[in-house]
Amino acid sequence: MEFAELIKTPRADNVVLHRPFYLAVEGTLCLTGHHLIFSSRRQDNAEELWLLHSNIDSIEKRFVGSLGTIIIKCKDLRIIQLDIPGMEECLNIASSIEALSTLDSVTLMYPFFYRPMFEVIEDGWRAFLPDQEFELLSSVTDEWRLSCINKEFSVCPSYPPIVIVPKSIDDEALRKVATFRHGSRFPVLSYYHKKNGMVMMRSSQPLTGTNGRRCKEDEKLINATLRPGKRGYIIDTRSLNVAQQARAKGGGFEQEAHYPQWRRIHKCIERFNILQESLIKLVEACNDQSHNMDRWLSKLEASNWLTHIKEILTAACLAAQCIDREGASVLVHGTEGTDSTLQVTSLAQIILDPRCRTICGFESLVVREWLQAGHPFQQRCAQSAYSNSKQKWEAPVFLLFLDCVWQILRQFPCSFEFNEQFLIMLFEHAYASQFGTFLGNNENERSKLKLPQKTMSLWSWVNRSEELSKFQNPLFEANSLVIWPSVAPQSLQLWEGVFLRWNRPSKFLDEAHEEMINIIKYNKELQAKVNALRRQLAEMETDDRMQENL
Amino acid sequence: FPSPFFLQVEQVKLLDRFSTSNKSLTGTLYLTATHLLFIDSSQRETWAFSRLFNCPTFLHSDIFGDNSLHCLFLYLLAKYEELYAFSYNPKQNESEQVKGWQLIDLAEEYKRMGVPNANWQLSDANRDYKICETYPRELYVPRTASKPIIVGSSKFRSKGRFPVLSYYHKNKEAAICRCSQPLSGFSARCLEDEHMLQAISKANPSNRYMYVMDTRPKLNAMANRAAGKGYENEDNYSNIRFQFVGIENIHVMRSSLQKLLEVSGTKGLSVNDFLSGLENSGWLRHIKAVLDAAVFLVKAIAVESASVLVHCSDGWDRTSQVCSLGALLLDSYYRTIKGFMVLIEKDWISFGHKFSDRCCQLDGDPKEISPVFTQFLESVWNLTEQFPQAFEYNEAFLLQIHEHVHSCQFGNFLGNCQKEREELKLKEKTYSLWPFLLDEQKKYRNPLYNPGFSPELTLLEPNTVSFNFKFWRNMYHQFDRSMHPRQSVFNLIMNLSEQNKQLEEEIKELEAKIKWRNGQSDAILAKEHQQSAHPAPVALKTPPCFKKEQPLIPVNGAVRTIEGSNTADNRYSEFVEEFSKAEPAVVSLEYGVARMTC
């Protein structure tokens, strides 16, 4: 398909760009296959705005006489306004943007066309392979093995080809367990806690149905992870009620009678459209500057966003607590095991494992627990807060996860190697990107699309020192402890870096942040200088002493 | 012990509200005039100012389940002389005490603003508190306001609080003036008062009209007319622009804070209960209203160069809030540590904000209690959040001042007005807080402070969109450590910048030594045979051999320690409760308060 067919008016002059907290700028607007480009004419202050069509969440047009106005709402929550002279130009441009921002085919997306201008040092597609992860694991325990049972994605379409399972369970048994779990997502290892050898596994719901079906192999598999005489905890991310209702549709939960060594805890985390609506309401509240205090607080409350944050964090803390404090192994699942389950398992690892708080470790966590674990990014991130569509599979599940990480980061500002910008960057790229990393819904789709061959990985770009330096936390000091965040409502805050980013000037906050970094940098310089001077003085002294001895 | 026990209760159980261990300690409780002391079976002492329990801000009705004990704690002092400030002895000699009280000199402050000048003068009308008992002796008024005008105007103003200068803006030649409401009723007028206002507008050569800000909601002001009070009729005063700004009265504020504390003190609070509680309390709405009023005032002065007269009913609560915040936004001096003390002395202490009544220092009318000053501090805190580099002081400074307003340890905030303070001989019998704060100002410095912050424009223009106002967790959960970030960026930066100063010093020292040594070795080369000329080795802090570069001064270890490694502290305790059953609670004492104050 030719993009040119979709672009009826590729260029418009005398367009005025309005953005909050900036003066309006006049310039030229250009449309290309993947970008909306605005370039101001003034020589002294040339300004360019490049916007990916895929970043556009919705577009509105208005007319006053022959002056058309297009309001573009982006997935990163920014809103810009373009005044375009000429009714026809405006209509053409609007319809082009609409068509280009809602392309059906993944292979038409920008990552397939993007040619990087930087030198790739390390291929991000090969940076986080399961075998490497397993190597780390096998250095501390021999109770687990790599299984290639899903090599052709034949057992579970949403799992990666290689998974880690208990050594004592053979592939035959796994195949049987897969038939007993929703979407064939049989229990696999998510995290091994080196401190006490406890593990966290994840899966989807068991297909017990109304007649209480059971599966011996399933029971055997998860029991295989328990130490003799030890109990484990199953954390079901649905309420008991929802879990019970799931039985009518063939799903269900583990009956205590059949899993006597396990205790089930229900921790309700909301799903899909409830989360999507929450995001829409929250962004709506943040974007209206005219709200009085009562209205703002009641809108913030009505959005329920912070309630979801608290629920997710609480469940993750609970899982971490079972592992670290109770010395028990944990199995986490909801219904499909691709959303709330992953929020819980990945956040629990951030709490427990210092490695996940480094940049590389966090990237590896996102790859393992989100991309390879089959979180359907393409469906969930198809639209953001300004979508009008009522598709049921869109949900800010990943954004909620990032928000939770931000909450922990705020409470432990020195324990993370990365900064807030890193999290914001991941949010942006999950929704619209020149990189192929977040395309597709699972490894199966990614391999069919040949993403590693045809697109560039986000990690190839991020993990170069030029980029990394932007995402490093100057306060970082490795902290090997488990970090327990507070989930009291007074401790949770609105993530201003994302939700108020375009709604308030941040000059003073940015300057203060810069000053903070300067103090840290200056400290390092001074330390180095003192060291050098001391050494010089010491050398002079030894010289003197040698002379004395002569 | 500072004074004999009033009461001693055996077999008391102490519960730490901020610990979730649910284990109570049994011991003996003592009450003294100034402190509350709990000694547990292992002789560990827990101290608290008994004052703080009277402090409405932190009085939780569930402190004591037992009624007799409850009565015990509602025990309040009837006389100022029984307050801690009168027995507090910081081992200062008399001259230090006097010097301490002289630290803040308001005459100096008016001089700094640029008064007296051609248009403004010091009036001796109130030298003996004859015209207004609740004003200070020294008042600045327009030169054209003669004594009869002052006297006449004061008779037309509630409690005699006639319009006087609060802040003078040198560049704009505009003034912030303050007063109480006029006794206008439905139609009364007073020529002297009209002259007074005219004198104020004439004292400003750059603008002929002035603003009159009534900080009350219009309805309240109108209701006051029935009682023979009210507000200025624009028809009677020439060249005034009258404006209501709608800050609620002390009673609304008191119940608002009570609601807020109820919500924040609830255990197992959900996010929505917290947010709706926050909304229902109206607390942040009030803070926003106060700051909005200050912004309005500042615009009048900075944009229109117009003078502003601010009043409420009596002119000592809302008026103090708005005048002081306005000055703080206009003048960067008030954003320094010393300047902030001056501001409080001027607009709050000297102009008769009734600290004793509002903070319930003595057994008084509970309806007089109100967190007006707390709101001022909270507004300042909100500004420090928006302008992290504009203030020399930090949050700890605000919290410390807040504590001492209620602790009654120092004389500054005792009493309701200057006259009362003089009668109490506070300057002889008690100590001033400010020198103590200055002595430990290291703790209160903002490491990010930039004195040159927008130098051409010292004006702060805060954004008062609702989402900028946040719940002040460090105030209302000061002692609930589990709720705060476990690592403080602020402390870390403070230590680093402190360390930077030390390192700079050390570099100077080292460089000097090296230079000196270079000189010496030249000398040695010159007269090699003279062994005695060799200097004694300079003492080194570190061994002379260096193998590896290490950080030289460890950043205070405590800062980076991770607290809250106890999961039970983190509010996801439903699960924990299943493992350990709680003991029945008898007495729950705010352990945290004691920890902090003693």
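Note that the coordinates shown come from a computational prediction; the quantities given were computed from them, not determined experimentally.

## Describing the sheet that holds strand β14 (residues 329-333) of chain A
All names here are of chain A.
Now for step 1: Judged by pairing direction, the sheet is mixed, and its 5 strands sit side by side in the order β10-β11-β14-β12-β13 without closing on themselves. On the outer flanks of this sheet lie β10 (188-193) and β13 (262-266), each paired with one strand and no other. For this sheet, the mean angle separating the axes of adjacent strands, direction not counted, is 20 degrees.
Now for step 2: Note: β10 against strand β11 (residues 198-202), 5 bridges, orientation antiparallel. Each bridged residue has a counterpart across the sheet, and for Tyr192 the counterpart in β11 is Val199.

## Some points on the domain arrangement of chain A
Residues and elements named next belong to chain A.
Now for step 1: In terms of domain boundaries, chain A breaks down into domain 1 (4-103), domain 2 (195-200 + 208-277 + 305-503) and domain 3 (510-534).
Now for step 2: The C-alpha-based centres of domain 1 and domain 2 are spaced at 36 Å.
Now for step 3: Counting from both sides, the interface comprises 14 residues of domain 1 and, opposite them, 18 residues of domain 2.
Now for step 4: Note on domain 1 versus domain 2: buried area summed over both sides is about 1300 Å², and carbon and sulfur give 62% of it.

## Some details on the pattern of salt bridges
Residues and elements named next belong to chain B.
Now for step 1: Applying the stated criterion across every chain, the model contains 60 salt bridges over all chains.
Now for step 2: Across the pair Lys508 and Glu505 runs a salt bridge whose closest N-O atoms are separated by 3.7 Å. Remark: Glu505 and Lys508 occur in helix α21 (residues 489-526); sequence separation between them is 3 residues, near one turn of the helix.
Now for step 3: You can call Lys508 exposed: its relative accessible area is 55%.
Now for step 4: Glu505 sits in the partly exposed class, given a relative accessible area of 46%.

## Examining the confidence of the model for chain B
Residue and element names in this part refer to chain B.
Now for step 1: For chain B, per-residue confidence averages 81 on the pLDDT scale, and 75% of positions sit at 70 or higher.
Now for step 2: Ignoring residues within four places in sequence, the model shows residues 531-565, a span with pLDDT below 50, making 65 contacts including any to other chains.
Now for step 3: The ipTM, which scores confidence in the relative placement of chains, is 0.93 for this predicted complex, and the corresponding pTM is 0.89.

## Overview of the side chain of Gln375 of chain B
Now for step 1: Examined against the element boundaries, Gln375 of chain B turns out to sit in helix α15 (residues 372-386).
Now for step 2: In contact with Gln375 of chain B, other than residues within four places in its own chain, are Met253, Trp283, His286, Ile287 and Gln321 of chain B.

## Observations regarding the nonpolar core
Now for step 1: By size, the foremost hydrophobic cluster in this structure holds 232 residues, and its most contacted members are Phe362 and Phe499 of chain A together with Phe340 of chain B.
Now for step 2: At 14 residues, helix α11 (residues 283-304) of chain B tops the list of elements feeding residues into this core.
Now for step 3: Aside from chain neighbours lying at most four places away, what touches Phe362 of chain A is Ile350, Arg355, Cys356, Phe401, Leu402, Val405, Phe418, Phe422, Leu423 and Leu426 of chain A.
Now for step 4: Core analysis: the second largest hydrophobic core is formed by 30 residues, Phe134, Ile149, Ala178 and Trp262 of chain A among them.

## So, the packing of aromatic side chains
Now for step 1: Applying the stated criterion to the full structure yields 56 aromatic pairs over all chains.
Now for step 2: When the centroid spacing of 6.4 Å and the interplanar angle of 85 degrees are considered together, the rings of Trp283 of chain B and Tyr476 of chain B count as edge-to-face. Of the two residues, Trp283 of chain B is situated in helix α11 and Tyr476 of chain B in helix α20 (residues 473-476); the sequence distance between them amounts to 193 residues.
Now for step 3: Judged by relative accessible area, Trp283 of chain B falls into the buried class, the value being 1%.
Now for step 4: For Tyr476 of chain B, a relative accessible area of 5% gives the class buried.
Now for step 5: Members of the aromatic cluster, connected to one another through ring pairs, are Phe340, Trp348, Phe355, Phe373, Phe376, Phe391, Tyr393, Phe397, Phe413, Trp434 and Tyr444 of chain B.
Now for step 6: Its guanidinium or amino end placed over the ring of Tyr22 of chain A, Arg19 of chain A lies 4.4 Å from that ring's centre, counting from NZ or CZ.
Now for step 7: Note that Arg241 of chain B overlies the ring of Tyr209 of chain B, its terminal NZ or CZ placed 3.6 Å from the centroid.

## Comments concerning the interface of chain B and chain A
Now for step 1: Taken together, the 80 residues of chain B in the interface contact 77 residues of chain A.
Now for step 2: Counting the surface lost from both chain B and chain A, the interface buries some 7500 Å², and carbon and sulfur atoms represent 62% of this.
Now for step 3: The interface formed by chain B and chain A includes 6 salt bridges.
Now for step 4: The residue Arg534 of chain A makes a salt bridge to Glu506 of chain B at a minimum N-O spacing of 2.3 Å.
Now for step 5: Taken together, the elements giving at least two residues each to the side of chain B that touches chain A come down to α10 (271-281), α11, α15, α21 and α23 (574-579) of chain B.
Now for step 6: Taken together, the residues of the side of chain B that touches chain A break down into 38 nonpolar, 25 polar and 17 charged.

## Section: the UniProt feature "active site" (unreviewed entry) in chain B
Residues and elements named next belong to chain B.
Now for step 1: Summarizing the sequence annotation, UniProt attributes the feature "active site" (unreviewed entry) to Cys312 in the numbering used throughout.
Now for step 2: In this structure, Cys312 sits in the loop between β11 (308-311) and α12 (318-330).
Now for step 3: Among all residues touching Cys312, those that are not within four sequence positions of it are Cys179, Ser180, Gln181, Asp214, Thr215, Arg216, Asp317, Arg318 and Thr319.

Rules used in this analysis
Residues numbered from 1 in each chain as written. Chains lettered and ligands numbered in written order. Predicted model: local features only at pLDDT ≥ 70, side-chain atom pairs only at ≥ 80, totals over all residues. Heavy atoms only, no water. Pairing = 2+ DSSP bridges. Helix = DSSP H or I, 4+ residues; strand = E, 2+ residues; numbered from the N terminus. Axes fitted to C-alpha atoms, helices over the stretch in contact; angles between N-to-C directions. Domains from an automatic or database assignment. Contact = heavy atoms within 4.5 Å. Buried area = accessible area lost by both parts, 1.4 Å probe. Salt bridge = Lys/Arg side-chain N within 4 Å of Asp/Glu carboxyl O. Buried < 20%, exposed > 50% of the residue type's maximum accessible area, 1.4 Å probe, protein only. pLDDT = per-residue confidence, 0-100. Core = buried A, V, L, I, M, F, W, Y, C linked by side-chain atoms within 4.5 Å. Phe/Tyr/Trp six-rings, centres within 6.5 Å; stacked < 30°, edge-to-face > 60°. Lys NZ or Arg CZ within 6 Å of the ring centre and 35° of its normal. Nonpolar A, V, L, I, M, F, W, Y, C, P; charged D, E, K, R; others polar. UniProt positions renumbered as here; feature names shortened; annotations may be inferred.

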